[in-house]
Amino acid sequence: MNIKIDDLNWSILQCLQENARDSFANIGRKVGLTPPAVAERIKKMEDLGILSGYKAVVSHAQTGYLLKAIITLRAFMGKLKPFLEIVVSFDEVVNCYRITGNENIVMEVVLRDQSHLEQFIDKLIVYGEARTHIVLSHVISNAPIGKGNG
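Since this is a predicted model, take the numbers as computed values, not measurements.

**Comments concerning the overall build of the protein chain**
Of the regular secondary structure elements, the protein chain holds 5 helices and 4 strands. When the helices and strands of the protein chain are read in sequence order from the N terminus, they spell out α-α-α-β-α-β-β-α-β. In the protein chain, which comprises 150 residues, the share counted as buried stands at 27%. Nonlocal contacts in the protein chain, meaning residues at least 24 apart in sequence, comprise 64% of its contacts between residues at least 6 apart. As presented, the protein chain carries roughly 10500 Å² of accessible surface, and 52% of it is formed by carbon and sulfur atoms. The averaged location of the 16 negative side-chain charges in the protein chain is 4 Å from the averaged location of its 17 positive side-chain charges.

Structural data, given as structure tokens:
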């Protein structure tokens, strides 16, 4: 279902992506609407599934997970389905995507240190061939989606 989003809703979405805890009054001041009008638009976007939730962003490094990695997995024959069932239980995985191409899976993982990484890779190798890329820094992280120009 392709839903047309007007300019005011895009402005509200931009505000929420910058600060999901912002008040309706403050968002209203930014976009030129009353707080009840902002609340109504947000509720409608929630009902339509445009807004699918709100979350806290936690610093992995500040909680002891000092290493971030991107790991691709090329599943062995017959091991993709079991992997898809088990990956949801891996606390280290913060994002996981099933992809096209030579690999089947891309995961973003957070780990305490190199030893933790080694232990995690040991859990993966029964499912397929893993390739690990250590993240050095974020260039773009959780960029808000915008209206776009085309």
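From this point, things continue past the structure.
**Digging into the packing of helix 1 (residues 7–18) against helix 3 (residues 35–47)**
At a minimum axis separation of 11 Å, helix 1 and helix 3 run at an interaxial angle of 85 degrees. Viewed along their axes, helix 1 and helix 3 adopt a mutual orientation that is roughly perpendicular. The residues of helix 3 that touch helix 1, namely those facing Leu 8, Asn 9, Ile 12, Leu 13 and Leu 16, are Arg 41, Ile 42 and Met 45. Along the lines of polarity and charge, the residues of the contact of helix 1 with helix 3 split into 6 nonpolar, 1 polar and 1 charged.

**A look at helix 3**
Each turn of an α-helix holds 3.6 residues, which means side chains three or four residues apart point in the same direction. For helix 3, which comprises 13 residues, the first-to-last C-alpha distance of 18 Å matches the rise-based estimate of 18 Å (1.5 Å per residue) to within 8%. Of all the positions in helix 3, only Val 38, Ile 42 and Met 45 are classed as buried. Down the axis of helix 3, the smallest arc covering the buried residues is 60 degrees, so these residues share one side. Along helix 3, exposed side chains directed more than 90 degrees from the buried face belong to Pro 36, Glu 40, Lys 44 and Asp 47. Looking at the buried residues of helix 3, the elements they touch are helix 1 and helix 2 (24–31). Just downstream of helix 3, Gly 49 is the residue with a positive phi angle, here 85 degrees.

Each value, and the rule that gives it
- Every residue gets a number counted from 1 within its own chain, in the order that chain's sequence is written.
- Given that this is a predicted model, residues contribute local features only at a pLDDT of at least 70 and side-chain atom pairs are listed and counted only at 80 or more, while totals for whole chains, interfaces and linings are drawn from all residues.
- In computing side-chain values, all of the structure's heavy atoms are included and hydrogens and water are not.
- Helical segments are the DSSP runs of H or I of at least four residues, strand segments are the runs of E of at least two, and each set is numbered from the N terminus.
- Partly exposed residues are those whose accessible area sits between 20% and 50% of the maximum for their type, while under 20% is buried and over 50% is exposed, using a 1.4 Å probe and protein chains only.
- The contact criterion used is simple: two residues touch if any of their non-hydrogen atoms lie within 4.5 Å.
- In short, Shrake-Rupley with a 1.4 Å probe defines the accessible areas, and a residue's cover is counted only from the protein chains shown.
- In this count, Lys and Arg are taken as positive residues and Asp and Glu as negative ones, while His and the chain termini are left out.
- Charge positions are represented by NZ for Lys, CZ for Arg, CG for Asp and CD for Glu.
- The angle between two axes is taken between their N-to-C directions and runs from 0 to 180 degrees, where each axis is a line fitted to C-alpha atoms and a helix contributes only its stretch in contact.
- Throughout this description, any angle smaller than 35 degrees is read as roughly parallel, any larger than 145 degrees as roughly antiparallel, any in the 65 to 115 degree range as roughly perpendicular, and the remainder as oblique.
- For this classification, the nonpolar set comprises Ala, Val, Leu, Ile, Met, Phe, Trp, Tyr, Cys and Pro, the charged set comprises Asp, Glu, Lys and Arg, and every other residue, Gly included, is treated as polar.
- Expected span, for any helix, means 1.5 Å times one less than how many residues it has.
- In this description, the arc belongs to the directions extending from the helix axis to the C-beta atoms.

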